[in-house]
Amino acid sequence: MLRRLPTVAWITVVWVALWGDLSWGNLVGGLLTGVVVVLVAPLPAQPAGYRPAPWPALVYLLRFLRDLVVATAEVARQVLWPLDRLRPAVLEVPLTGRHPGLISLVANTISLTPGTLTLEADPSTGRLWVHLLHLEEGAEGDVVEHARALERLGAQALGVDLGVDLGVDHGEQP
């Protein structure tokens with residue numbers, strides 16, 4: 001139970017924040033909720049080689065926020081003042097790693113950015129299929145490089161080695 005204390009503490013903080021009132025009742029309610037959650041739905045064990053790092057995670061968050069602002073402005077410009085016709089596209093984006101958590105992070109980051117949506121993510125091949133609201137002619141390489149930059153930053157944030165293949169069953173027989 002001691003190793004689950006950070007999770008209980010985090011749930012308590014979120015509980016109190018959601019109630020918007022730091023009182024003894026909310027604090028005890030948050031603690032009890034946290035204990036029940038970790039007992040009923042324990043988190044899976046961390047895979048080997050998984051070492052989250054706070055500073056790289058902050059860099060990843062700042063990169064995402066920058067991308068969010070730029071993409072929002074671009075989508076707003078396209079909607080309000082269309083200078084050219086939209087060229088929607090679906091692009092296959094090959095990533096370097098095969099870590100399912102990292103691929104999920106990159107795929108969700110792409111989906112949360114306006115004008116893009118991850119349609120499919122395949123951890124066994126490390127490929128994403130991304131729908132873009134507008135793809136400039138010849139800019140396919142820029143999209144792939146952007147996704148790979150997110151992957152590199154995400155790997156640093158999650159402490160994942162891009163050369164290690166974790167958690168993916170390829171169906172190979174020993």
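Here, the structure is the one placed above.
Residues numbered from 1 in each chain as written. Predicted model: local features only at pLDDT ≥ 70, side-chain atom pairs only at ≥ 80, totals over all residues. Heavy atoms only, no water.

(A) Inspection of the side chain of His134 at higher detail. Topologically, His134 is positioned in the loop between β3 (127-132) and α5 (140-158). On the basis of relative accessible area, His134 is assigned to the buried category, the value being 18%. At a separation of 3.0 Å, a polar atom in the side chain of His134 contacts the side chain of Glu136. Setting aside residues up to four positions removed in sequence, His134 forms contacts with Gln78, Asp84, Arg85, Leu86 and Arg87. (Helix = DSSP H or I, 4+ residues; strand = E, 2+ residues; numbered from the N terminus. Buried < 20%, exposed > 50% of the residue type's maximum accessible area, 1.4 Å probe, protein only. Polar contact = N/O pair within 3.5 Å; in protein donor to acceptor, adjacent residues only side chain to side chain. Contact = heavy atoms within 4.5 Å.)

(B) Seen up close, the environment of Ala147. You can see Ala147 is positioned in helix α5. Ala147 gets classed as buried once you look at its relative accessible area, which sits at 3%. In sequence terms Ala147 and Ala107 are 40 residues apart; their C-alpha atoms lie 8.7 Å from each other.

(C) View of the side chain of Thr109. With respect to the helices and strands, Thr109 occurs in helix α4 (residues 100-112). Thr109 sits in the buried class, given a relative accessible area of 6%. Beyond its immediate chain neighbours, meaning those up to four positions away, Thr109 contacts Tyr60, Phe64 and Leu150.

(D) Fine view of the layout of surface pockets. Taken as a whole, the largest pocket encloses approximately 670 Å³ of empty space. Those elements that provide at least two residues to the lining of the largest pocket are α3 (54-80), β3 and α5. Here the element with the most residues in the lining of the largest pocket is α3; it accounts for 8 residues. Taken together, the residues of the lining of the largest pocket break down into 12 nonpolar, 6 polar and 6 charged. (1 Å grid on protein atoms, 1.4 Å probe; cavity = no way out; pocket = protein on both sides within 12 Å on 5 of 7 lines; lining within 4 Å. Points joined across faces, edges and corners; volume = space filled by probe spheres on them. Nonpolar A, V, L, I, M, F, W, Y, C, P; charged D, E, K, R; others polar.)

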